Amino acid sequence: MTTPSASPSPTDTSPTTPQRIDDEPLRLVTSYNDIFVVIAAGLLIFGTVWFSATASLPEWLSALIVIATAWGLSEIFVRRRRMALPALCFAHLFVSSLFYLNVDGTDSLPVESSVSWWTLITTCLCAGFGAAIYWWRFRVPAVITMGIAGVVLAVWMHVSTLVNGATPWLLASTVVAGLAIFVWALRWDSQDLQRASIRSDIAFWLHLLAACMIAHPIFWVLSPDHPVAVIAVFLLLTAVSIAIDRRALIVSSLIYVLISLNVAQVEASLAIVSIVVGSTLLVLSIFWRAARRAVLRCLPAGWQTRLPR
């Protein structure tokens, strides 16, 4: 029997046509059967949760039933059949169910009333342990990011509820943590410059999380009162995205750029800004390789060897 560590990633299936490295190859759907399975599983989970509620089962028991269902479905459709979209959905269902196992509220008590420093610890442990065991068994690249995201969300939810005035240093801590995840993602990228293995997929999801954790706190502080600073930061993040050949930083910044540029706050200006920004990004996509060559020439030679060419 094949061991989990030897099984291929659900996103490792070889494409029928060659893909360029700078297109960020990522297989989200292996066939239409992926969508079929996800719809069927969604109906099953919905029915299970609904039945649990009508049967007045405890919330923790309902969560355990969902967790067991997600694991059982993963054994069939992820470990055996290596289906990409079900792998993402079942991994998210498994980790998120473990996360909410510790923070569920009731009809009479909101979720905020059930949080404490103890639930912070248990929630982080459950999210981290769930992601780790799911990764060990099924090797789904996105589940590592899901576990980290669960820990970050738990910290935000608990600290902002339990500590008054914690938002400023939470924002700063999120940026620092995002930078650490960004560096870790770069390390995964450096181990697969051709982006042909599971390491590239792991790096993609880590970059996606890091981009959100870096961009959102910064732009939250700057937007919309400092449009010049927003544009400057956006241009810096765009240059970094081009250099590392990852588009997540650009995408995470777009909404704030649109808000800041739309200084008139009228529909006509928003339409014009959307056209200008959208057209610029499309042109950047067309000339992505040329832009990368220009940016890479500005970097030290040692850095260039660790980045895709």
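Data block above holds the structure.
What counts, and at which threshold
Residues numbered from 1 in each chain as written. Predicted model: local features only at pLDDT ≥ 70, side-chain atom pairs only at ≥ 80, totals over all residues. Heavy atoms only, no water. Axes fitted to C-alpha atoms, helices over the stretch in contact; angles between N-to-C directions. Helix = DSSP H or I, 4+ residues; strand = E, 2+ residues; numbered from the N terminus. Parallel < 35°, antiparallel > 145°, perpendicular 65-115°, else oblique. Left-handed = near helix turned anticlockwise from the far one by under 90°. Contact = heavy atoms within 4.5 Å. Expected span 1.5 Å × (residues − 1). Bend = angle between axes of the 7 residues up to and from the residue. Buried < 20%, exposed > 50% of the residue type's maximum accessible area, 1.4 Å probe, protein only. Core = buried A, V, L, I, M, F, W, Y, C linked by side-chain atoms within 4.5 Å. Phe/Tyr/Trp six-rings, centres within 6.5 Å; stacked < 30°, edge-to-face > 60°. Lys NZ or Arg CZ within 6 Å of the ring centre and 35° of its normal.

**As for the packing of helix α5 (residues 142–162) against helix α7 (residues 198–222)**
Line of reasoning, step 1. Here α5 crosses α7 at 25°, and the two axes come no closer than 7 Å. Here α7 runs roughly parallel to α5, going by the angle between their axes. As α5 packs across α7, the resulting crossing turns out to be right-handed. Contacts from Ala142, Ile144, Thr145, Ile148, Ala149 and Val152 in α5 reach Ile202, Trp205, Leu206, Leu209 and Met213 in α7.

**Observations regarding helix α2 (residues 59–80)**
Line of reasoning, step 1. Compared with the 32 Å implied by 1.5 Å per residue over 22 residues, the 31 Å span of α2 between its first and last C-alpha is a close match.
Line of reasoning, step 2. Maximal helix bending in α2 amounts to about 40°, located at Ser74.
Line of reasoning, step 3. Burial in α2 covers these residues: Ser62, Ala63, Val66, Ile67, Thr69, Ala70, Leu73, Ser74, Glu75, Phe77, Val78 and Arg79.
Line of reasoning, step 4. Looking at the buried side of α2, the elements it contacts are α1 (32–54), α3 (84–100) and α4 (117–138).
Line of reasoning, step 5. At the C-terminal side of α2, Arg82 shows a positive phi close to 55°.

**Some details on the nonpolar core**
Line of reasoning, step 1. Phe90, Tyr134, Val140, Val143 and Phe219 are the most contacted members of the largest nonpolar core, which totals 61 residues.
Line of reasoning, step 2. The biggest single contributor to this core is α7, with 14 residues.
Line of reasoning, step 3. Phe219 has contacts with Val230, Val233, Phe234, Leu237, Ser253 and Tyr256, leaving out every residue within four places of it along the chain.
Line of reasoning, step 4. Core analysis: the second largest hydrophobic core is formed by 5 residues, Phe99, Leu120, Cys124 and Ala154 among them.

**What about the packing of aromatic side chains?**
Line of reasoning, step 1. Overall, the coordinates contain 9 aromatic pairs when judged by the stated rule.
Line of reasoning, step 2. Relative to Phe138, the ring of Tyr134 has its centre 4.6 Å away and its plane inclined at 45°; by these criteria the two rings are tilted. Pair noted here: Tyr134 and Phe138 are both in helix α4, with a separation of 4 residues, about one helical turn. As far as burial versus exposure is concerned, Tyr134 and Phe138 are alike and both buried.
Line of reasoning, step 3. The rings of Trp71, Phe94, Tyr134 and Phe138 are connected pair by pair, giving a single aromatic cluster.
Line of reasoning, step 4. Geometry around Trp288 places Arg247 over its ring, the cationic atom sitting 4.2 Å from the centre.

**Here we look at the environment of Leu235**
Line of reasoning, step 1. Structurally, Leu235 is set in helix α8 (residues 227–244).
Line of reasoning, step 2. By relative accessible area, which is 53% here, Leu235 ends up exposed.
Line of reasoning, step 3. In the structure, Leu235 is positioned 15 residues away from Ile250 in sequence and 8.8 Å away in space, judged by C-alpha atoms.

**Considering the environment of Ile231**
Line of reasoning, step 1. Looking at the element boundaries, Ile231 is found in helix α8.
Line of reasoning, step 2. In this structure, the C-alpha to C-alpha distance between Ile231 and Leu258, residues 27 residues apart in sequence, is 9.7 Å.

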